[in-house]
Amino acid sequence: MKLEALKNVGVGETIVFVGNGTTLNEFDLAKVAHPIAACNYYLPFGPAKWGRLPDYFFCHDPSVLFTPWEAHRAYKRLPAPAGYDPTLPSPAAFIDKNRQWFRRRLIVPSNLDWWGGFRAKAVMRGVDPAGCRRWLESWKAHAYVYDPLPAGHDWTARVRRRMAGGYKREDFDPQGYVWNPRCWERLLAPVGPWLMRDLAQSRVPLWALNSFCAVMLPILLFMGWQRIVLVGVDFDKEGYFFTPYQSPTGQRFFYKEEYDDFYWLCDLAGRLPHRPLIQAVHASRNLLQPPGGLVEFEEVCR
């Protein structure tokens, strides 16, 4: 099936998007009353922790999809928390074990040619690229498929980075940050209504710095949900789910470009015909400030 089949499936409804930040530990996702969309290591941790399988699952990052968390934990030398099960499978293996549930719930790229990490990422050593491609082919008939359009062709991005004085600077602190694009940034906007035309043709431009902004949030907008509530979308480097993590470089937050990419999408959302409301669940840390504000977790519960 093509991604275009998902257009407007969520009209008038609310969806909860679950990130992978450590603030997830503050909530019981088993109580969520709305459909859940998730990615990365929500599988297998989400079902193991809350007994809740996702209603939609994004299979975008091969370094996560095909790698058990234990490989990431060992590579980054993270301590194993109490009760941690090192035998938990990779997201792809978990999906195969629950094949009936995940039919027509996966959102997958049409190929892996756009990704160059099989040889570049140390955590992928020992992972068979041919096996990953066979897995993808085995699911295409039962998933929503998009054609990834690799980055690199966007000259406006290069101009923006040069005029902004740097790229991927690690000294950005988002606390108190107010997104207020200057005139030249508006003229070189990285995303606009044309993005919806690409999605309607089952094409996803990989324009943003992270996959949440490049793939997941745009597709949720395309699906027509009236309200998108984010939980665990921490946009920091404090850890993953139950595992705290400190970057060896001392970097604490995502890059400024990643925050700006999110706010550009919020700006686009306000110009779409259905004008979706984007909110975040109030947590101990809320670095992202969606235009729809913060809501208490109880508001999305049964």
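Look up a bit, the structure's there.
Note that the coordinates shown come from a computational prediction; the quantities given were computed from them, not determined experimentally.

Most of strand β7 (residues 227-231) sits out of view: five of its five residues are buried. The side-chain alternation of β7 yields two buried faces, one formed by R227, V229 and V231 and the other by I228 and L230. Bridge analysis of strand β1 (residues 14-18) against β7 gives five bridges, and the strand direction is parallel. Looking across to β7, one finds that T14 is bridged to R227. With four bridges connecting them, β7 and strand β10 (residues 277-281) associate as parallel partners.

Across the sheet, nine strands lie side by side as β6-β5-β4-β3-β2-β1-β7-β10-β11; this open sheet has parallel pairing. Strand pairing shows two members of the sheet lacking a second neighbour, β6 (203-205) and β11 (294-295), which therefore form its edges. Docked against the sheet, helix α1 (residues 42-50) engages β1, β2 (36-39) and β3 (56-58), running at close to 135° with respect to β2.

Applying the stated rule across the entire model yields 16 salt bridges. In this structure, the salt-bridge partner of D198 is R203, at a minimum N-O distance of 2.5 Å. Judged by its relative accessible area of 13%, D198 falls in the buried class. Here D260 makes a salt bridge to K256, at a shortest N to O gap of 2.7 Å.

Below, the discussion takes up the packing of aromatic side chains. Aromatic ring pairs are defined here through the distance separating the ring centres and the angle between the ring planes. The full count for this structure, using the stated rule, is 25 aromatic pairs. Here Y42 and W50 contribute two aromatic rings whose centre-to-centre distance is 6.4 Å and whose plane-to-plane angle is 20°, an arrangement assigned as stacked. A relative accessible area of 0% means that Y42 is categorised as buried. Members of the aromatic cluster, joined through ring pairs, are F17, F58, F172, Y177, W179, F212, F235, F254, Y259, F262, Y263 and W264. Note that R99 overlies the ring of W139, its terminal NZ or CZ placed 4.1 Å from the centroid. The cationic tip of K237 hangs over the ring face of Y255; the distance from NZ or CZ to the ring centre is 6.0 Å.

Attention now goes to the pairing of β2. With burial as the criterion, each face of β2 is covered, one bearing I36 and A38 and the other bearing A37 and C39. Between β2 and its parallel partner β3, the chain crosses via α1, and the hand of that crossover is right-handed.

So, about helix α12 (residues 256-269). In a regular helix each residue adds 1.5 Å, so 14 residues correspond to 20 Å; α12 covers 20 Å between its end C-alpha atoms and thus fits that length. Burial within α12 is extensive, with twelve of its 14 residues counted as buried. Every buried residue of α12 is listed here: E257, E258, Y259, D260, D261, F262, Y263, W264, L265, C266, L268 and A269. Next to the buried residues of α12 lie α9 (183-187), α10 (194-200), α11 (211-222), β7 and β10.

What counts as what
Chains are numbered independently. Their residues run from 1 in the order of the written sequence. Residue-level local features of this predicted model are given only where pLDDT is at least 70; pairs of side-chain atoms are given and counted only at 80 or more, and the full residue set underlies all totals for whole chains, interfaces and linings. As a rule here, side-chain values cover all heavy atoms of the structure and leave hydrogens and water aside. Only protein chains enter the accessibility calculation, which uses a 1.4 Å probe; a residue whose area is less than 20% of its type maximum is buried, one above 50% is exposed, and one in between is partly exposed. What counts as a helix is a DSSP run of H or I of at least four residues, what counts as a strand is a run of E of at least two, and both are numbered from the N terminus. A pair of strands is labelled paired if DSSP reports no fewer than 2 bridges between them. Contacts are assigned to residue pairs with any non-hydrogen atoms lying within 4.5 Å of each other. Between N-to-C directions, angles span 0 to 180 degrees; the directions come from axes that are lines fitted to C-alpha atoms, helices contributing only their stretch in contact. By salt bridge we mean one thing: a side-chain nitrogen of Lys or Arg within 4 Å of a carboxyl oxygen of Asp or Glu. Pairing of aromatic side chains here covers Phe, Tyr and the six-membered ring of Trp, requires ring centres within 6.5 Å, and sorts the geometry by plane angle: under 30 degrees stacked, over 60 edge-to-face, intermediate tilted. Whether a charge sits over a ring comes down to the Lys NZ or Arg CZ being within 6 Å of the ring centre and within 35 degrees of the ring normal. With strands facing away from the observer, any crossover in which the path from the first strand over the helix to the second runs clockwise is taken as right-handed. By this rule, a helix spans an expected 1.5 Å times one less than how many residues it contains.

Nothing here speaks to function; it is all geometry.
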